[in-house]
Amino acid sequence: MSRMGDVLAGFHAAWEFESDSVLIRYERGIRTPKLFQALGERRVPLEAIAGVTLTRGKRGTVVLRVEPRPGADPLMEAAAGQLKESGDPYRLVLPAEREVLAEYYADELRTLLTESGPADRFLVKPPEGPLSFKAYDGKATFDGRTVNFRWFWTGASSAKWKAGDQSFSVGELNGVEWRSPEVFEGHLRLLRRDAEMSAAQADQDPAAVVFGLGYGPVHESLPFAAAVLAAVRTSSPVAAVPAPRRDPADIAERIRHLGELHQAGLVTDEEFSVKKAELLSEL
């Protein structure tokens, strides 16, 4: 840019233009989309940008947008085109009277762009958090190396209870499938290297958690998915880390629930015996 450190402030965000990047700082407040608040700020290297557009917006506004290169940003890769326009972190909405200024910065950016086409690696850092969220049927956590699903007895299907809580090292994974909670059958599914794409419904797949009203909202589950995806892309297959010993009270509660499923006819005698033995072995 002609002057390093120039700042262009719009609704919900401000862009700071540097010689090699655009630093996007998102505002906090009740009117700011929750995804923006969760992201906080993002530095977008110029090599991650394919183009710049300036268009007329709604109700006396203009919209400045940078177009990330395919494969450059784990957040956008995980979103896979499912974000609403208002939730696009690469849009800066400005009052119409600032159109001339916005056009100036758009032209300045265009002169600095030298890359196009898909990126061969992630160029934008993944979100730092959140690293856990509550889905409808379980809690998902990620520590940078391992994804854990712990099922809720109030929401998890009998298939997931039979399988037990799940733990996946990033080396076991090939990718992440995120289906927005704002559409039907929203879920987060882990794609394993040693398995074909699961045809099972997400509520029956132990490698997936299901979203629902108030569970797995975009601002929690999408940054989570992006962080896992970025870790997967930079990892090599490694052996799974053995699960730690469980709390005896937790084991007792799970055996109790397993017994309820057995009495209801959802679990066979053999399945009940096998699963009960597995749980007892974790003590």
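Since we're looking at a predicted model, the values are computed, not measured.

Visitor: With reference to specific residues and values, describe the overall build of the protein chain.
Guide: For the protein chain, the count of helices and strands is seven helices and 14 strands. In the protein chain, buried positions account for 46% of the 283 residues. Within the protein chain, contacts between residues separated by at least 24 positions form 60% of all contacts whose residues are at least 6 apart in sequence. Within the structure as shown, the protein chain displays about 14800 Å² of accessible surface, and the carbon and sulfur contribution to it stands at 52%.

Visitor: Describe the pattern of salt bridges, naming the residues involved and giving the relevant values.
Guide: In the structure shown here, the tally under the stated rule is 14 salt bridges. Lys84 is paired through a salt bridge with Glu182; the nearest N and O atoms lie 3.8 Å apart. Here Lys84, found in the loop between helix H2 (74-79) and strand S7 (91-95), pairs with Glu182, found in the loop between strand S12 (173-179) and strand S13 (187-192); they are 98 residues apart in sequence, far enough to count as distant. Asp205 serves as the salt-bridge partner of Arg189, at 2.7 Å between the closest nitrogen and oxygen.

Visitor: Describe in detail the sheet that holds strand S1 (residues 6-9), supporting the description with residues and values.
Guide: Strands in a sheet are paired, the pairing made by backbone hydrogen bonds, and the direction either parallel or antiparallel. The sheet built from four strands is open, its strands ordered S1-S2-S3-S4 with antiparallel pairing. A strand with exactly one partner marks an edge of an open sheet, and here the two such strands are S1 and strand S4 (41-45). Mean inter-strand twist for the sheet, computed between neighbouring axes without regard to direction, equals 20°. In this sheet, strand S2 (residues 13-17) lies alongside S1 in antiparallel orientation, the contact comprising four bridges. Looking at the pairing, Val7 lines up with Glu16 of S2. On top of the sheet, helix H3 (residues 99-112) reaches S1, S2 and strand S3 (21-26); it is set at about 130° to S1, its chief contact.

Visitor: Run through helix H5 (residues 218-233), naming residues and quoting values.
Guide: Compared with an ideal rise of 1.5 Å per residue, which puts 16 residues at 22 Å, H5 spans 22 Å between its outermost C-alpha atoms and is within 8% of the ideal. Counted residue by residue, H5 has 14 buried out of 16 residues, so it is predominantly covered.

Visitor: How would you explain the nonpolar core if you had to name every residue and give the values?
Guide: By size, the foremost hydrophobic cluster in this structure holds 68 residues, and its most contacted members are Leu64, Phe149, Leu188, Leu190, Leu222 and Val228. The element best represented in this core is H5, accounting for eleven residues. Setting aside residues up to four positions removed in sequence, Leu188 forms contacts with Phe133, Phe149, Val176, Glu177, Trp178, Ala207, Ala208, Val209, Phe211, Ser221, Phe224 and Ala225. Within the second largest apolar cluster, five residues are counted, among which are Ile255, Leu258, Phe272 and Leu279.

Visitor: Give me the lowdown on unusual backbone geometry, citing residues and values where you can.
Guide: A positive phi angle, close to 50°, is found at Arg59, a residue other than glycine. For Arg59, the position within the fold is in the loop between strand S5 (49-56) and strand S6 (61-68). Residue Arg59 is classed as exposed on the basis of its relative accessible area, which comes to 78%. Positive phi values are uncommon outside glycine, yet Ala80 reaches one of about 50°. You can see Ala80 is positioned in the loop between H2 and S7.

Visitor: Tell me what's going on with the sheet that holds strand S10 (residues 146-151), and back it up with residues and numbers.
Guide: Judged by pairing direction, the sheet is antiparallel, and its four strands sit side by side in the order S8-S9-S10-S11 without closing on themselves. In this open sheet, the two strands that pair with only one neighbour each are strand S8 (132-134) and strand S11 (166-169). Averaged over all adjacent pairs, the angle separating strand axes in this sheet is 10°, with direction ignored. Looking at chain direction, S8 and strand S9 (residues 138-142) are connected through three bridges and run antiparallel. Directly across from Ser132, in S9, lies its bridge partner Thr141.

How each quantity is defined
Residues numbered from 1 in each chain as written. Predicted model: local features only at pLDDT ≥ 70, side-chain atom pairs only at ≥ 80, totals over all residues. Heavy atoms only, no water. Helix = DSSP H or I, 4+ residues; strand = E, 2+ residues; numbered from the N terminus. Buried < 20%, exposed > 50% of the residue type's maximum accessible area, 1.4 Å probe, protein only. Contact = heavy atoms within 4.5 Å. Areas by Shrake-Rupley, 256 points an atom, 1.4 Å probe, with all protein chains shown as cover. Salt bridge = Lys/Arg side-chain N within 4 Å of Asp/Glu carboxyl O. Pairing = 2+ DSSP bridges. Axes fitted to C-alpha atoms, helices over the stretch in contact; angles between N-to-C directions. Expected span 1.5 Å × (residues − 1). Core = buried A, V, L, I, M, F, W, Y, C linked by side-chain atoms within 4.5 Å.

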